[in-house]
Amino acid sequence: MRGRALHPRVPRERSWSAWLRLRQLLVGGKLGALYGDPHKRALLKPEAVWEIEQSHALTAAQLYQASANRTALYHAMRKLFERYDYLIAPTAQVFPFDAAQAWPRSVAGVEMDTYHRWMEIVTPFTLAGLPVAGMPVGFNAQGLAMGMQIAGPAHADLSVLAIARAFESLTQWTQRNPPSAVA
């Protein structure tokens, strides 16, 4: 049976907003002391400064809504797992990019509104607190790697790891080398 695109019954923007706000809260709390010291702040990446400054602007209403959206996503994912045993998704929307590039500014012609939007595909599973195993699945013509996520229902950590192990045993992707880059 071929896979098909599934979407939890929570609009993507609600899920993204919840993830973004909760991340800002955590990063702001974790790095806030560094930001408060002008000498250390100068050493922070611009993206970290942005996260911290966004955390300073968070309101109780935004955090409440983020929590409510996270709960809605959790329940939507739980409903998906009533029908499907596991979910498979790519690990990113793009292949690896040059390390000199801070982040992709657009993906498939869509402008990225934040520095982490290019990896949005991982956020629903993270936000819902689901177990996920990332597995290599191949290379593009330039020899750049891509992976997939195997996500399971809440508390299915061991079975997700077992599937990942079985997949690796069958495919042996970790033993493969990328094709020579095309000049």
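Residues numbered from 1 in each chain as written. Predicted model: local features only at pLDDT ≥ 70, side-chain atom pairs only at ≥ 80, totals over all residues. Heavy atoms only, no water.

Caption draft 1: Summary view of the side chain of S15. With respect to the helices and strands, S15 occurs in helix 1 (residues 12-36). Its relative accessible area of 6% is what places S15 among the buried residues. When sequence neighbours within four positions are dropped, the list of residues in contact with S15 reads V10, L73, P124 and L127. (Helix = DSSP H or I, 4+ residues; strand = E, 2+ residues; numbered from the N terminus. Buried < 20%, exposed > 50% of the residue type's maximum accessible area, 1.4 Å probe, protein only. Contact = heavy atoms within 4.5 Å.)

Caption draft 2: Quick peek at the sheet that holds strand 5 (residues 145-151). Spatially, three strands are ordered 1-5-4 in an open sheet, and the strand pairing comes out antiparallel. Of all the strands in the sheet, the pair left with one neighbour each is strand 1 (87-90) and strand 4 (132-139). Each adjacent strand pair in this sheet contributes to an overall mean axis angle of 30°, direction not counted. Direction of pairing for strand 1 relative to strand 5: antiparallel, over a ladder of four bridges. Each residue of the ladder has a partner; that of A89, found in strand 5, is Q149. Contacts between helix 6 (residues 157-171) and the sheet are confined to strand 4 and strand 5, with strand 4 contributing the most and set at about 20° to the helix. (Pairing = 2+ DSSP bridges. Axes fitted to C-alpha atoms, helices over the stretch in contact; angles between N-to-C directions.)

Caption draft 3: Quick peek at the pattern of salt bridges. Considering all chains together, one arrives at seven salt bridges under this definition. For R12, the salt bridge is made with E120, and the minimal N-O distance between the two is 3.0 Å. Taken as a pair, R12 in helix 1 and E120 in the loop between strand 3 (110-111) and helix 5 (123-128) lie far apart in primary sequence, 108 residues in all. Its relative accessible area of 10% is what places E120 among the buried residues. (Salt bridge = Lys/Arg side-chain N within 4 Å of Asp/Glu carboxyl O.)

Caption draft 4: Broad picture of helix 1. In this model helix 1 runs 34 Å from its N-terminal to its C-terminal C-alpha over 25 residues, within 8% of the 36 Å that 1.5 Å per residue would give. At K30, helix 1 shows its largest kink, close to 50°. Along helix 1, the residues that are buried comprise S15, W16, A18, W19, L20, Q24, V27, G28, L31 and Y35. Those residues of helix 1 that are buried lie in contact with helix 2 (38-41), helix 3 (46-56), helix 4 (60-83) and helix 5. (Expected span 1.5 Å × (residues − 1). Bend = angle between axes of the 7 residues up to and from the residue.)

Caption draft 5: Summary view of the side chain of Q149. Among the structural elements, Q149 can be located in strand 5. In terms of polar contacts, Q149 uses its side chain to reach the backbone carbonyl oxygen of P90, at 2.7 Å. The residues touching Q149, leaving out its near neighbours within four places in the chain, are L87, I88, A89, P90, T91, I121, V122, F125, V132 and A133. (Polar contact = N/O pair within 3.5 Å; in protein donor to acceptor, adjacent residues only side chain to side chain.)

Caption draft 6: Main features of the packing of helix 1 against helix 4. One way to put it is that helix 1 packs onto helix 4 with a least axis distance of 8 Å and a crossing angle of 125°. Between helix 1 and helix 4, the interaxial angle falls into the category oblique. At the point where helix 1 passes helix 4, the crossing takes the left-handed sense. Contacts between helix 1 and helix 4 involve R14, S15, A18, R21, L22 and L25 from the former and Q62, L63, A66, N69, R70, A72 and L73 from the latter. (Parallel < 35°, antiparallel > 145°, perpendicular 65-115°, else oblique. Left-handed = near helix turned anticlockwise from the far one by under 90°.)

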